[in-house]
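Residue-level listing of the chains:
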Amino acid sequence: MKHYGYDGLAVLVSERGHYSLKKAADVLGIGRDCLIAIPTDDNNRIRTDLLEEKISALKAQNIKPFAIVGVAGTTETGNIDPLNTLADIAEREGCHFHVDAAWGGASLMSNNQRHKLAGIERADSVTIDAHKQLYIPMGAGMVIFKDPTLASAIEHHAEYILRKGSKDLGSHTLEGSRSGMAMLLYAALNIISRKGYEMLIDQSVDKAAHFAALIKARENFELVTEPELCLLTYRYVPEDVKKALDVASEEDRETILDLLNDLTEFVQKRQRESGHSFVSRTRLTPEKWNRKISSVFRVVLANPLTTHEILENVLSEQEEIVKTSEIALPKLREIASRILTEAAA
Ligand SMILES: Cc1ncc(COP(=O)(O)O)c(C=O)c1O
């Protein structure tokens, strides 16, 4: 970059960017500090106003933003960045536009979902994990280039293998010896077909919407992120605690949020141990909770065999497990009762 008159370079992505981008920064040798995280809005989408500000600040320091990464389906919540706006910015700045559609990419197979990824067609490169919603076994991550010759920048040859013109699998990847995962993808695309994938994707999105409705209908649960794809997050918040949170002092709010984190972790671990069902867990920093680190249940509704009844049972089991909490729940109840009594007085 010094040769081109710059003092540094940067890759910009939202704070919800996947950790694999940090690995990529490591491999490129640019250092993780050059991967810059831009805050997101309430829906976990990159704040493009803050992206613009950061780009201006970097340029003022003579640092070249050389790639912007849009996320089409964040790992935690399944939300999609405004890809057209990102494409406009990348175009104006003359930088590479990559879309991480590891989660969302397969939604392009559905005529009913494709509009959600508008702008992805303007990307220079796109990641799609076939082992997610293309339903291929693990290890079928792909990167697709608009200009196929771009990959030749990292091409390798050896005399005993990968000779020039040969189609060896390892010529563009870090691993030399690779399994032929493309065969599985090729077979699945032919057997399941676009129509079949549309059914699979649509049922997962519909099921996530249904689960969101079930969560909202139960007074002791709170939907944390509305599903756009087949992912959503939620947590257990007793109704009286919800009411208390509305009128609590800053200090009480902090205590309640800490206890809710403990309760979420307790329920998640117990449910996993009980072996009937498994709901994953992650941490978010929602605006409405003062960006405090908050533990939430994270659900991916990809399995076509998951029924509405199973989803009801997952919530009922969580309600039962909560009752066995001997520390967090009684403390929450006590604080909520004090706050509500004070508020009524
Ligand atoms: C948004 C996103 N990008 C990239 C990846 C990386 O995928 P892999 O674990 O297959 O390397 C994932 C995987 O979970 C992901 O969710």
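Residues numbered from 1 in each chain as written. Predicted model: local features only at pLDDT ≥ 70, side-chain atom pairs only at ≥ 80, totals over all residues. Heavy atoms only, no water.

Engineer: Where do I start with helix 6 (residues 239-247) in this structure?
Structural biologist: Among the residues of helix 6, Val241, Ala244 and Leu245 are the ones counted as buried. Down the axis of helix 6, the sector holding all buried residues measures 105°, keeping them to one side. Check the buried side of helix 6 and you find it contacts helix 7 (250-274) and helix 9 (328-344). (Buried < 20%, exposed > 50% of the residue type's maximum accessible area, 1.4 Å probe, protein only. Helix = DSSP H or I, 4+ residues; strand = E, 2+ residues; numbered from the N terminus. Arc of directions from axis to C-beta. Contact = heavy atoms within 4.5 Å.)

Engineer: Sorry if this is basic, but what is going on with the packing of helix 7 against helix 8 (residues 308-323) here?
Structural biologist: To characterise two packed helices, one gives the angle between the axes of the helices and the distance between these axes. It is at 10 Å that the axes of helix 7 and helix 8 come closest, and there the two elements cross at 115°. Between helix 7 and helix 8, the angle falls in the class roughly perpendicular. Note on packing geometry: the crossing formed by helix 7 with helix 8 is right-handed. Contacts between helix 7 and helix 8 involve Phe266, Val267, Arg270, Gln271 and Ser274 from the first element and Val314, Glu317, Gln318, Ile321 and Val322 from the second. The class makeup of the residues in the contact of helix 7 with helix 8 is 5 nonpolar, 3 polar and 2 charged. (Axes fitted to C-alpha atoms, helices over the stretch in contact; angles between N-to-C directions. Parallel < 35°, antiparallel > 145°, perpendicular 65-115°, else oblique. Left-handed = near helix turned anticlockwise from the far one by under 90°. Nonpolar A, V, L, I, M, F, W, Y, C, P; charged D, E, K, R; others polar.)

Engineer: Is there a simple way to think about the site of the ligand in this case?
Structural biologist: With respect to spatial proximity, the complete set of residues near the ligand consists of His18, Ser20, Gly73, Thr75, Asp100, Ala102, Trp103, Asp129, His131 and Lys132. A distance of 3.4 Å separates an oxygen atom of the ligand from a polar atom in the side chain of His18. Here an oxygen atom of the ligand sits 2.8 Å away from a polar atom, N or O, in the side chain of Thr75. Calculation on the ligand without its partners gives an accessible area of 390 Å², and the protein chains cover 73% of this total. Within the shell around the ligand, the residues separate by chemical class into 2 nonpolar, 5 polar and 3 charged. (Near = heavy atom within 4 Å. Polar contact = N/O pair within 3.5 Å; in protein donor to acceptor, adjacent residues only side chain to side chain. Areas by Shrake-Rupley, 256 points an atom, 1.4 Å probe, with all protein chains shown as cover.)

Engineer: I would appreciate a short explanation of the pairing of strand 3 (residues 63-71) in the present structure.
Structural biologist: Within strand 3, 8 of the 9 residues are buried, which leaves it mostly tucked inside the rest of the structure. Relative to strand 3, strand 1 (residues 8-14) runs parallel, the two sharing 6 bridges. Paired with Val11 across the bridge in strand 3 is Ala67. Each parallel crossover has a hand, and the one from strand 3 via helix 3 (residues 83-93) to strand 4 (residues 96-100) is right-handed. (Pairing = 2+ DSSP bridges. Right-handed = clockwise from strand over helix to strand, strands pointing away.)

Engineer: For this particular structure, what's the right way to read helix 3?
Structural biologist: Turn by turn, an α-helix covers 3.6 residues, leaving residues three or four places apart pointing in a common direction. Those residues of helix 3 lying buried are Leu83, Leu86, Ala87, Ile89, Ala90 and Glu93. Down the axis, helix 3 shows its buried residues gathered within 165° of arc, on one side only. Following helix 3 by one or two positions, Gly94 adopts a phi angle in the positive range, close to 65°.

Engineer: Before we go on, may I ask you to explain the environment of Cys34 in this structure?
Structural biologist: For Cys34, the position within the fold is in the loop between helix 1 (20-28) and strand 2 (35-38). Between the C-alpha atoms of Cys34 and Thr85, which are 51 residues apart in sequence, the distance is 22 Å. Each residue touching Cys34, except ones within four places of it in the same chain, is listed here: Leu9, Ala10 and Val11.

Engineer: How do you make sense of the pattern of salt bridges when you look at a structure like this?
Structural biologist: Two side chains with opposite charge may pair up if their charged atoms get near one another. Counted under the stated rule, the structure contains 25 salt bridges. Put simply, Glu93 and Arg92 hold a salt bridge, and the shortest N to O gap is 2.9 Å. Judged by relative accessible area, which is 11%, Glu93 ranks as buried. Residues joined by salt bridges that share partners form a network here, namely Glu52, Lys59, Arg92 and Glu93. (Salt bridge = Lys/Arg side-chain N within 4 Å of Asp/Glu carboxyl O.)

Engineer: Which parts of the structure should I look at to understand the packing of helix 6 against helix 9?
Structural biologist: The contact between helix 6 and helix 9 brings their axes to 9 Å, and the two run at 50°. In terms of axis orientation, helix 6 runs oblique to helix 9. By crossing handedness, the relation of helix 6 to helix 9 is classed as left-handed. For the pair formed by helix 6 and helix 9, the contact residues are Asp240, Val241, Lys243, Ala244 and Val247 on the first element and Leu332, Arg333, Ala336, Ile339, Leu340 and Ala343 on the second.

Engineer: Looking at this structure, I do not really get the sheet that holds strand 10 (residues 294-300). What am I missing?
Structural biologist: Adjacent strands of a sheet form backbone hydrogen bonds with each other and so pair up, either parallel or antiparallel. As summarised here, the arrangement of the 4 strands in space is 7-8-10-9, forming an open sheet in which the pairing is antiparallel. Strands with a single pairing partner mark the edges of an open sheet, and in this sheet they are strand 7 (221-225) and strand 9 (280-284). Strand after strand, the sheet turns through a mean of 40° between neighbouring axes, direction not considered. Lying on the sheet, helix 5 (residues 193-217) is in contact with strand 7, strand 8 (231-236) and strand 10; it crosses strand 8 at an angle near 15°.

Engineer: Is there a simple way to think about a nonpolar patch on the surface in this case?
Structural biologist: On the surface, a cluster of nonpolar side chains totalling about 230 Å² of accessible area is made up of Val143, Phe145 and Leu150. You can see Val143 is positioned in strand 6 (residues 141-145). Owing to a relative accessible area of 47%, Val143 belongs among the partly exposed residues under this scheme. (Patch = residues over 30% accessible without salt bridge, like charges linked within 9 Å, V, L, I, M, F, W, Y side chains within 5 Å.)

Engineer: What exactly am I supposed to notice about the sheet that holds strand 4 here?
Structural biologist: The strand order 2-1-3-4-5-6 describes an open sheet built from 6 strands, whose pairing is mixed. One side of each edge strand has no neighbouring strand; the edge strands of this open sheet are strand 2 and strand 6. Neighbour-to-neighbour, the strand axes of the sheet open up by a mean angle of 25°, direction not taken into account.

Engineer: Help me understand the domain arrangement of the protein chain in this model?
Structural biologist: Interface size is commonly expressed as the accessible surface area that is lost when the partners come together. Structurally, the protein chain comprises domain 1 (8-134 + 136-154) and domain 2 (195-344). In this structure, domain 1 and domain 2 have C-alpha centres spaced 29 Å apart. With 27 residues of domain 1 in contact, the opposing surface of domain 2 contributes 22 residues. Seen at the junction of domain 1 and domain 2, the total is 2 salt bridges. With a closest N to O distance of 3.1 Å, Arg45 and Glu228 form a salt bridge. Residue classes in the side of domain 1 that touches domain 2 are distributed as 6 nonpolar, 15 polar and 6 charged. (Domains from an automatic or database assignment.)

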